[in-house]
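Structural overview
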Amino acid sequence: MTRNEYTCDCKPINEEQVLSAKESMLSSGTYEKVAGFFKIVGDQTRCKIISVLKENEMCVGDISNVLSMTKSSISHQLSKMKEQGVVKGRKEGKEVYYSLDDAHVAEIFELTVEHITHIHHELEDRES
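The structure presented is a predicted model; accordingly, all values stated were derived computationally and were not measured.

1. So, the sheet that holds strand S1 (residues 58-59)
- In space, the three strands of this open sheet follow the order S1-S3-S2, with antiparallel pairing throughout. Each of the sheet's edge strands pairs with one partner strand only, and the pair in question is S1 and strand S2 (87-92).
- Summarising the sheet, S1 and strand S3 (residues 95-100) pair through two bridges and their orientation is antiparallel. When the sheet's bridge partners are listed, Cys59 is paired in S3 with Tyr97.

2. Looking at the packing of aromatic side chains
- Counted under the stated rule, the structure contains one aromatic pair.
- A centroid spacing of 5.5 Å and a plane angle of 80 degrees characterise the contact between Phe37 and Phe38, whose relative ring orientation is edge-to-face.
- The exposure class assigned to Phe38 is partly exposed, which follows from its relative accessible area of 47%.

3. With respect to the environment of His118
- Looking at the element boundaries, His118 is found in helix H6 (residues 103-127).
- Sequence separation of His118 and Val41 is 77 residues, and the distance between their C-alpha atoms is 20 Å.

4. Things to note about the pattern of salt bridges
- Counted according to the given criterion, the structure contains five salt bridges.
- Two residues, Glu110 and Lys54, come together in a salt bridge whose shortest N-O distance is 3.6 Å. With Glu110 in helix H6 and Lys54 in the loop between helix H3 (44-53) and S1, this residue pair connects regions lying 56 residues apart in the sequence.
- We classify Glu110 as partly exposed; its relative accessible area is 41%.
- One salt bridge in this structure joins Arg90 and Glu57, with 2.6 Å as the shortest N-O distance. With a gap of 33 residues between them, Arg90 in strand S2 and Glu57 in the loop between H3 and S1 connect regions that are remote in the sequence.
- Among the residues examined, Arg90 registers a relative accessible area of 36% and is labelled partly exposed.
- Assessed through its relative accessible area of 36%, Glu57 is described here as partly exposed.
- Through salt bridges that share partners, Lys54, Glu55 and Glu110 make up one connected network.

5. Description of the environment of Tyr98
- Tracing the sequence through the fold places Tyr98 in strand S3.
- According to the relative accessible area criterion, Tyr98 is buried, its value standing at 13%.
- Taking the C-alpha atoms as reference points, Tyr98 and Cys59, separated by 39 residues in sequence, lie 5.9 Å from one another.
- When residues no more than four places from it in sequence are discounted, the contact partners of Tyr98 are Leu53, Asn56, Glu57, Met58, Val60, Leu78, Val87, Lys88 and Gly89.

Rules behind the numbers
- Residues numbered from 1 in each chain as written.
- Predicted model: local features only at pLDDT ≥ 70, side-chain atom pairs only at ≥ 80, totals over all residues.
- Heavy atoms only, no water.
- Pairing = 2+ DSSP bridges.
- Helix = DSSP H or I, 4+ residues; strand = E, 2+ residues; numbered from the N terminus.
- Phe/Tyr/Trp six-rings, centres within 6.5 Å; stacked < 30°, edge-to-face > 60°.
- Buried < 20%, exposed > 50% of the residue type's maximum accessible area, 1.4 Å probe, protein only.
- Salt bridge = Lys/Arg side-chain N within 4 Å of Asp/Glu carboxyl O.
- Contact = heavy atoms within 4.5 Å.

Spelled out as structure tokens, the structure:
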């Protein structure tokens, strides 16, 4: 049997905490989906789309106008976001109106902005 060089071979300092942490671990598939979500929302253009859609349902053309981008590039980003369950579309006539898939997406976005703002202020305070 070969030893995995990346496996810790040390004795736990707090065995109860280690066991508790191991028991609370999610499945690998769940971590993969979480990482996939953050990969999708980890793009500046897609963050801007989330910011726009958290306020209103909008069609591709209107989003394009807000972000000063082509309809093609917005459609491409929306397609990726839809695949990951970040946005959903509603067809009305020839237009598709997009909105965030659910309130969780807006909450995650707003919480992230709050965190970034908080960190920014802390860093400014440290530099003062």
